[in-house]
Amino acid sequence: MIITKLGINGFKNLKEISLSAHSRLNIFSGENAQGKTNIIEALWLCTGCRSFRGTKDKDFIDLDGQRAEINLTFKDNFREQKISVAAAKPNYKEKNVTLNGVPVKKLSKLFGNLKCVIFTPEDLELAKGSPDNRRSYLDLSVSQIKLGYKDVVSKYDYLILQRNTLLKSISQGISKVEELDVWDEQIARLGAYISVLRFSYTKKLNIFASKLHRELSRGREQLEICYNSTVFKSLEGRTDFKGEMAEEYLAVLKKNLRDDIKCGFTQAGTHRDDLITKINGLSSREYGSQGQQRSVAIILKLSQAYILSEETGDRPVILLDDVLSELDSARQQFILSSIEGMQVFITCCSSEGIDSADGKIFCVKSGRVCEKSQKGKR
Ligand SMILES: Nc1ncnc2c1ncn2[C@@H]1O[C@H](COP(=O)(O)OP(=O)(O)O)[C@@H](O)[C@H]1O
Ligand SMILES: [Mg+2]
C-alpha cells in the first residue's frame, strides 16, 4: 500500500499542503510545534480510526479558519483510491467524507481501506503501561485483518457499560437482578468471540515477535507473548464461541455476580484481559529494564505490520511520529531495516542520521511544507 498524494488545508495549523509522496521514505523535519504530528494525524484520520492523540471534532479546524480539508490518494495491489475528509464551522461535527468520490456516512466507515501502522513515543509504554493500551493494540491489530471485528468490540464495550450501570442500580435497590439476563447473554456471546480472535492473533504474534526479538537481542533473549484471559483457563484449540464457550462465559458472569454488584463493576471478561510479554521467562512489564520494555514495544508494532502484510497480501504504510529520536541507534537501525520494502512517513527534528537516499525530505515550518532538494539526487 502506498500513499501517492497528500493535500491538507485548514486542518489545525496546516496550510496549503500539497505533496507527492515518495514510494519509500518520507521524512518530515522541523522544529517543535510546527505541525509535523498534525500531518501524521491527518493521514491517520484517513484510515478511519480516531485521532491517536484524542483531538476533538471542534479542534480539527484551524482556530483562525473556517474549514479543514484532507485529500489523500493511495494505491493498493489492485487500484488507486481517493479519500477526502472535510469539515467546516459551525457544524464541525458533520464531516464530509468521501471514498472515490462517493459519500461515506462517517469517518469510521473508512476503516479497512487505507491500512497504516502508527508508532508514537506513547507507544513505547506498550509493554510497561496499563493493560488498556495492550487491549487497544490487540483490537486494532485484529480489526485490520478481520472485517467486522471492530464493531463487535464497540458493541461489547457498550454492553459492559450498560451492565455496570445496572449493577449499581441493583445495589441501590432500584433494579432487579433478573434484568441482567438480557445483557449477560449478549456479553457472553460477543466476549467468547473476542477471546477466540484475540487468542488466535496472539499465537501469530508470538511467532513473529520471538523471531524479531532474537534478532534484536542478537540471540541473547527469548521473548514470549501469551494471551491472559480472565474467563477461560485455556483457549488452546477452542473455537465454539457460539455454544460451549458462550455458556462458560455466562457461568463466570453468574459466579462473580455478588461481587460485581458490590463493586458496581464487571470484574471478569475480555475488557479485563491482558497480553503478557515475557523475556527469558520473566514478565517484561514487572521485571524488564527500560531498554527491554522499549524493545518489546518496537517488536509488537513491527509484528503488527508483518502480520497485516501476510494476512492481506498488502504491506501497510508505516507512520513513525517522533519515535526514532527516543531510541538508541541500534534500535533505530533495527526498525528502519525491518520495514524496508514498506512506505514510511517519519517525523523528526533533524533528518541527520537517517539515510534518505531512497526518499524525500520535507521541511515543516509554521504549518507549511516544502520539499528539500537533495544534492546528487535525480
Ligand atoms: N485547532 C488548531 N488550530 C490552529 N493551530 C493548532 C490547532 N491545534 C493545534 N495547533 C497548533 O499546532 C502546533 C503543534 O503541531 P504539532 O504537529 O504537534 O507540532 P510538531 O511539529 O511538534 O509535531 C502548535 O503550534 C499548535 O498551536
Ligand atoms: Mg510532534
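Summary of the structure given here. Only a predicted model underlies this, so the values are computations on that prediction, with no experimental measurement involved.

As for the overall build of the protein chain
Logical step 1: For the protein chain, the helix and strand inventory stands at nine helices and 15 strands.
Logical step 2: The C-alpha radius of gyration computed for the protein chain amounts to 22 Å, which stays within 12% of the reference 21 Å derived for 378 residues, consistent with globular compactness.
Logical step 3: Along the first, second and third principal axes, the C-alpha set of the protein chain runs to 70 × 55 × 40 Å.
Logical step 4: In the protein chain, buried positions account for 54% of the 378 residues.
Logical step 5: Long-range contacts, defined here as pairs at least 24 residues apart, represent 70% of the contacts in the protein chain between residues at least 6 apart.
Logical step 6: On the protein chain, roughly 18,600 Å² of surface is accessible, and the fraction owed to carbon and sulfur atoms is 48%.
Logical step 7: Between the averaged position of the 58 positive side-chain charges in the protein chain and that of its 48 negative side-chain charges there is a distance of 2 Å.

Side note on the site of ligand 1
Logical step 1: Ligand 1 sits among 15 residues. The nearest are A33, K36, T37, N38 and L63.
Logical step 2: The separation between an oxygen atom of ligand 1 and a polar main-chain atom of A33 is 2.7 Å.
Logical step 3: The contact in question runs from an oxygen atom of ligand 1 to an N or O atom on the backbone of Q34, over 3.1 Å.
Logical step 4: Calculation on ligand 1 without its partners gives an accessible area of 580 Å², and the protein chains cover 73% of this total.
Logical step 5: Class assignment for the residues of the shell around ligand 1 results in three nonpolar, six polar and six charged.

Examining empty space enclosed by the protein
Logical step 1: A complete count under the given rule lists two cavities of 30 Å³ or more for this structure.
Logical step 2: For the largest cavity, the calculated volume is near 60 Å³.
Logical step 3: Taken together, V117, I118, F119, K301, L302, A305, I318, L319, L320, I335 and I339 make up the lining of the largest cavity.
Logical step 4: Looking at the lining of the largest cavity, the elements with two or more residues in it are β8 (116–119), α8 (290–312) and β12 (317–321).
Logical step 5: When its residues are assigned to classes, the lining of the largest cavity shows ten nonpolar, no polar and one charged.
Logical step 6: Within this model, the second largest cavity holds a volume of roughly 40 Å³.
Logical step 7: Lining the second largest cavity we find F11, F60, A68, E69, I70, V85, A86 and A87.
Logical step 8: Of all the secondary-structure elements, those providing two or more residues to the lining of the second largest cavity are β4 (67–75) and β5 (80–88).

About the criteria used
Residues numbered from 1 in each chain as written. Chains lettered and ligands numbered in written order. Predicted model: local features only at pLDDT ≥ 70, side-chain atom pairs only at ≥ 80, totals over all residues. Heavy atoms only, no water. Helix = DSSP H or I, 4+ residues; strand = E, 2+ residues; numbered from the N terminus. Rg over C-alpha atoms; globule rule 2.2 N^0.38 Å. Buried < 20%, exposed > 50% of the residue type's maximum accessible area, 1.4 Å probe, protein only. Contact = heavy atoms within 4.5 Å. Areas by Shrake-Rupley, 256 points an atom, 1.4 Å probe, with all protein chains shown as cover. Lys, Arg positive; Asp, Glu negative; His and termini not counted. Charge placed at Lys NZ, Arg CZ, Asp CG, Glu CD. Near = heavy atom within 4 Å. Polar contact = N/O pair within 3.5 Å; in protein donor to acceptor, adjacent residues only side chain to side chain. Nonpolar A, V, L, I, M, F, W, Y, C, P; charged D, E, K, R; others polar. 1 Å grid on protein atoms, 1.4 Å probe; cavity = no way out; pocket = protein on both sides within 12 Å on 5 of 7 lines; lining within 4 Å. Points joined across faces, edges and corners; volume = space filled by probe spheres on them.

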